[in-house]
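# Examination of the molecular architecture
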Amino acid sequence: MPADITPLKFRGYLRQEIEAVQATAQNEEDIIIVRLFVLEKVLFGLGARKVDSILHGVVAKCPNIQRIELEALARPLTQDEMQEAANDAQETLQALSDRVMASGGKLGPDAGGN
């Protein structure tokens, strides 16, 4: 999230970005999980209930987005930190994909096959 986003601009910014992510879905079965980095000052400016309401509202309107993982930041990320976060996300995605493929396409606590 850009450093110039204020609590008042947060809802509009988030809606625009999440709709752009939703538009990348190829089909109804695509599952999208968004990891959102937000400055603490924005979160505190809105309050926990308001942030929760905004996130639920956005997810409810985007059928492929399963959840939004929120990470609070004391300061904006540097370019290197953004790249590291992207690499971590890619590793998580690959591990999840490998787990789904190993389970025969099932994802859940008993996916290992007992």
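The structure we're discussing is the one just above.
These numbers were taken from a predicted model, which means no experiment stands behind them.

### What about the pairing of strand S1 (residues 32-39)?
Across the eight residues that make up S1, a large majority, six, are buried. When S1 meets strand S2 (residues 65-73), the two strands line up parallel, connected through eight bridges. In the strand pairing of S2, Val-38 is matched with Ala-72.

### Notes on the nonpolar core
Across soluble globular proteins, you tend to see nonpolar side chains buried next to one another. Core analysis: the largest hydrophobic core is formed by 23 residues, its most contacted members being Phe-10, Leu-14, Ile-18, Leu-36, Ile-65 and Ile-68. For this core, the secondary structure elements donating two or more residues are helix H1 (7-22), S1, helix H2 (40-46), helix H3 (48-61) and S2. It is S1 that provides the largest number of residues to this core, a total of six residues. If sequence neighbours within four positions are ignored, Ile-68 has contacts with Ile-18, Val-34, Leu-36, Leu-55, Val-58 and Val-59.

### Some details on helix H4 (residues 79-102)
Under the 1.5 Å per step criterion, the end-to-end length of H4 is 35 Å for 24 residues, consistent within 8% with the ideal 34 Å. Within two residues after H4, Gly-104 carries a phi angle of roughly 75°, on the positive side.

### Considerations on a negative patch on the surface
There is a patch of like negative charges on the surface, built from Asp-80, Glu-84, Asp-88 and Glu-91. With respect to the helices, strands and loops of the structure, Glu-91 is situated in helix H4.

What counts and how
- Residues numbered from 1 in each chain as written.
- Predicted model: local features only at pLDDT ≥ 70, side-chain atom pairs only at ≥ 80, totals over all residues.
- Heavy atoms only, no water.
- Buried < 20%, exposed > 50% of the residue type's maximum accessible area, 1.4 Å probe, protein only.
- Helix = DSSP H or I, 4+ residues; strand = E, 2+ residues; numbered from the N terminus.
- Pairing = 2+ DSSP bridges.
- Core = buried A, V, L, I, M, F, W, Y, C linked by side-chain atoms within 4.5 Å.
- Contact = heavy atoms within 4.5 Å.
- Expected span 1.5 Å × (residues − 1).
- Patch = residues over 30% accessible without salt bridge, like charges linked within 9 Å, V, L, I, M, F, W, Y side chains within 5 Å.
- Areas by Shrake-Rupley, 256 points an atom, 1.4 Å probe, with all protein chains shown as cover.
- Salt bridge = Lys/Arg side-chain N within 4 Å of Asp/Glu carboxyl O.
- Lys, Arg positive; Asp, Glu negative; His and termini not counted.
- Charge placed at Lys NZ, Arg CZ, Asp CG, Glu CD.

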